[in-house]
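Take a look at the letters that make up each chain.
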Amino acid sequence: MKPVLDAVVKLVNTIRSRGLTHRQFRDFLQSVQSEYSDVLYYTKVRWLSAGCVFERVWQLKDDIVSFFHEKQCYAECEMLEDTEWLSDFAFFTDLLCHMNNLNVKMQGKNQFIDDIRAHLKSFKLKLNLLAGQLAKNDLSHFSRLNSIPSVNEEVA
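To start, this report covers the structure provided alongside it.

Cut-offs used in this document
- Residues numbered from 1 in each chain as written.
- Predicted model: local features only at pLDDT ≥ 70, side-chain atom pairs only at ≥ 80, totals over all residues.
- Heavy atoms only, no water.
- Core = buried A, V, L, I, M, F, W, Y, C linked by side-chain atoms within 4.5 Å.
- Buried < 20%, exposed > 50% of the residue type's maximum accessible area, 1.4 Å probe, protein only.
- Helix = DSSP H or I, 4+ residues; strand = E, 2+ residues; numbered from the N terminus.
- Expected span 1.5 Å × (residues − 1).
- Axes fitted to C-alpha atoms, helices over the stretch in contact; angles between N-to-C directions.
- Parallel < 35°, antiparallel > 145°, perpendicular 65-115°, else oblique.
- Contact = heavy atoms within 4.5 Å.
- Nonpolar A, V, L, I, M, F, W, Y, C, P; charged D, E, K, R; others polar.

A few points about the nonpolar core
- Val8, Phe25, Val57, Ile64, Leu80, Trp85 and Phe89 are the most contacted members of the largest nonpolar core, which has 36 residues in total.
- Taken together, the elements giving at least two residues each to this core come down to α1 (2-16), α2 (19-31), α3 (50-70) and α4 (83-106).
- Sorting elements by how many residues they give to this core places α3 first, with 10 residues.

Concerning α4
- Between the first and last C-alpha of α4 there are 35 Å, a value that for 24 residues agrees with the 34 Å anticipated at 1.5 Å per step.
- Of the residues flanking the end of α4, it is glycine 108, one or two places downstream, whose phi is positive at about 110°.

Here's the deal with the packing of α1 against α4
- Viewed as axis vectors pointing N to C, α1 and α4 meet at an angle of 95°, and their least axial separation amounts to 10 Å. Classified by the interaxial angle, the pair formed by α1 and α4 is roughly perpendicular. Where α1 abuts α4, its residues Pro3, Val4, Leu5, Ala7 and Val8 lie against Trp85, Asp88, Phe89 and Phe92.
- The residue inventory of the contact of α1 with α4, partitioned by class, reads 8 nonpolar, no polar and 1 charged.

Spelled out as structure tokens, the structure:
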């Protein structure tokens, strides 16, 4: 999954690291009346934020492709048009969202070690369930992966 992570981080950094490009992207999102006004920034220090970054890029993938096509920078977003890469991206995004849910459950005050252990144990069981479902081509807990047409055709 490292190639997917690296590609998404590179894409986000391409948008966010150049001031002009970042402003143009935000203006583009506003002009197309997108639900979101920007992509989230990813840092290795806050690696748990990767799920949120991936989720936002997933939500904005069509707008990102349109933006780079408008700027005639086709190479910047070619992976978002590759179905095989997109299915890896969708799977990784789904998995990171499951991990983020675990992370949120484990945070907060008055968390006893028994509670945290129970969350971890249930997540381990959930991972086993997900692995079994994937082996049977059941994508019910992988909504993003399930939304890719070519993956649905392979499952059927």
